[in-house]
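# Chains, contacts and geometry: an overview
Chain by chain, the residues:
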Amino acid sequence: MYKITLNEKDTPKKWYNIAADLPVEFPEYSQTDEGKQLENLPKIFSKGVLGQELSTDRWIEIPKLVRNVYKQIGRPSPLFRAKGLEAHLDTPAKIFYKREDMSPTGSHKLNTAIAQAYYAKEDGAERLTTETGAGQWGTALSLACSLLDMDCTVYMVKISFKQKPYRKTIMHLYNGEILPSPSDRTEFGKKILKEDPQHPGSLGIAISEAIEDALNDEKVYYSLGSVLNHVMLHQTIIGQEIQMQMNKIDATPDVMIGCVGGGSNFAGSTFPFIKDKLSGDLDCEFIAVEPSSCPTLTKGEYKYDFGDTAGLTPLIKMYTLGHDFIPPSVHAGGLRYHGMSPLVALLTHEKIIEPRSVSQTSVFESNKLFAQTEGVVPAPETGHAIKVGIDEAIKCRKTGEEKNIIINFSGHGLLDLQGYDDFLEGKIKD
Ligand SMILES: *Cc1c(COP(=O)(O)O)cnc(C)c1O
């Protein structure tokens, strides 16, 4: 069997909230003495998502309309067996990959974009603002807003804005407004541009601009595509579907792997399984993979830091490279973030999640092999998980273990062809 599918009616009805099952207490958000970061939260987030951010209820009902839009975009997504890759690697391991690339925007990000747009609209907002790095998140939120009849403004990291012109086209098709960040739309953007008109931008700066925009208008909320607890929550439909799919073949995972930028696709695919690990019902390894050029989990410090550059977000306890960290411009733009989901960070600190970092060239090599043996061109971000999946399968060849390895296939790379061109021409360096 190559593909394990579910029916539309199997689309999960609840999100799983791991805050109910943590092995240690969640470190509360905090603020600076002079700051208003916590008071500002209700001005930038809808009541719906803010309630979820702090909730400790184990299961949270998915509103009917959100569940219907999940079906509209093709959920549940299939789980594929990578038999071509297995044969090439000559491994006794079984490699599975969860096809989050099959959503209309090509990644997992719509899972939370739809929910966030729904709650913002329910709360009277007319427009959402956000940041985007590689463009996946801006694309997803533009479509979600279009489906729910809202406006959307996307601050896109300037270097990506230049590198990925087709992202802009898709966002425009979905009626999103796109501004290269730093922009002259906000005070913070203007300040950065005054210091350096050629500034390439960063996710931290784009977040600051999007929050400032939302703070200045009552009818506008801000939306974050990763990191925060409610985003991890919305993504847990991925892992719940994988559970049903593995049940169908009477199997359980031995290793689960996902790439991490802010942690949401990793969290979404693994948290329902981590629940079983924490209760002693499952023996499985969980590996979070990041680029060696932005090594938040493997080299960062576990401490309180801001989520953005201007310091408008609350202080969050997470692994961080520092909120003014400007990462090198690697092609896996979705993984260039200085911080990490505090939930993923906590579970890494507790040694339930194992972090690993891999080099950019090894990622492109793995992706080429994956494309040649499975047909699907992975996003550069997704390639981080594939690289480690291949490493684990090769280990099984040596030990003879028939492990079940599940890779969360977070997105396709059909809009990242410049990166692939650079790789094929030998221009990619680590
Ligand atoms: C955004 C993105 C990521 C990184 O974000 P997470 O929140 O860590 O999941 C990974 N893969 C793809 C395809 C993305 O679009």
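Here the structure is shown first, and the text comes after it.
Each value, and the rule that gives it
- Residues numbered from 1 in each chain as written.
- Predicted model: local features only at pLDDT ≥ 70, side-chain atom pairs only at ≥ 80, totals over all residues.
- Heavy atoms only, no water.
- Buried < 20%, exposed > 50% of the residue type's maximum accessible area, 1.4 Å probe, protein only.
- Helix = DSSP H or I, 4+ residues; strand = E, 2+ residues; numbered from the N terminus.
- Pairing = 2+ DSSP bridges.
- Right-handed = clockwise from strand over helix to strand, strands pointing away.
- Salt bridge = Lys/Arg side-chain N within 4 Å of Asp/Glu carboxyl O.
- 1 Å grid on protein atoms, 1.4 Å probe; cavity = no way out; pocket = protein on both sides within 12 Å on 5 of 7 lines; lining within 4 Å.
- Points joined across faces, edges and corners; volume = space filled by probe spheres on them.
- Nonpolar A, V, L, I, M, F, W, Y, C, P; charged D, E, K, R; others polar.
- Near = heavy atom within 4 Å.
- Polar contact = N/O pair within 3.5 Å; in protein donor to acceptor, adjacent residues only side chain to side chain.
- Areas by Shrake-Rupley, 256 points an atom, 1.4 Å probe, with all protein chains shown as cover.
- Sits in = over half its atoms within 2 Å of the grid points.

### Section: the pairing of strand β10 (residues 255–259)
Burial within β10 is extensive, with five of its five residues counted as buried. Here five bridges tie β10 to strand β11 (residues 285–291), and the two strands are oriented parallel to one another. Note on β11: the bridge partner recorded for Ile-257 is Ile-287. Between the parallel elements β10 and β11, the chain passes through helix α12 (residues 264–278) in a crossover that is right-handed.

### Thoughts on the pattern of salt bridges
Counted by the stated rule, this structure contains 19 salt bridges. Note that Asp-391 is salt-bridged to Lys-387, the shortest N-O span being 2.8 Å. Remark: Lys-387 and Asp-391 occur in helix α16 (residues 380–399); sequence separation between them is four residues, near one turn of the helix. Residue classification places Asp-391 among the partly exposed residues on the basis of a relative accessible area of 26%. Judged by relative accessible area, which is 19%, Lys-387 ranks as buried. Of the charged contacts in the structure, one is a salt bridge between Lys-427 and Glu-425, with a shortest N-O distance of 2.9 Å. Lys-427 gets classed as exposed once you look at its relative accessible area, which sits at 52%.

### A look at the layout of surface pockets
Taken as a whole, the largest pocket encloses approximately 280 Å³ of empty space. Along the wall of the largest pocket there are 14 residues; nearest its centre are Phe-26, Glu-28, Glu-53, Leu-54 and Asn-229. For the lining of the largest pocket, the secondary-structure elements that each account for two or more residues are α1 (37–44) and α2 (47–54). Looking at the lining of the largest pocket, its residues break down into eight nonpolar, three polar and three charged.

### Quick look at the environment of Lys-162
For Lys-162, the position within the fold is in helix α7 (residues 158–163). On the basis of relative accessibility, which here comes to 60%, the residue Lys-162 falls in the exposed class. The spacing of Lys-162 and Val-344 is 182 residues in sequence and 31 Å in space, taken between C-alpha atoms.

### Here we look at the site of the ligand
Taken together, 19 residues lie around the ligand, and Lys-109, Ser-226, Gly-261, Ser-264 and Asn-265 are the ones closest in. At 3.1 Å from an oxygen atom of the ligand is found a main-chain nitrogen or oxygen belonging to Gly-262. Residue Ser-410 places a side-chain N or O atom 2.8 Å away from a nitrogen atom belonging to the ligand. For the ligand, whose accessible area on its own is 380 Å², the fraction buried by protein is 97%. Put simply, the ligand lies in the largest cavity. For the shell around the ligand, the secondary structure elements donating two or more residues are α12 and α16. The residue inventory of the shell around the ligand, partitioned by class, reads four nonpolar, 13 polar and two charged.

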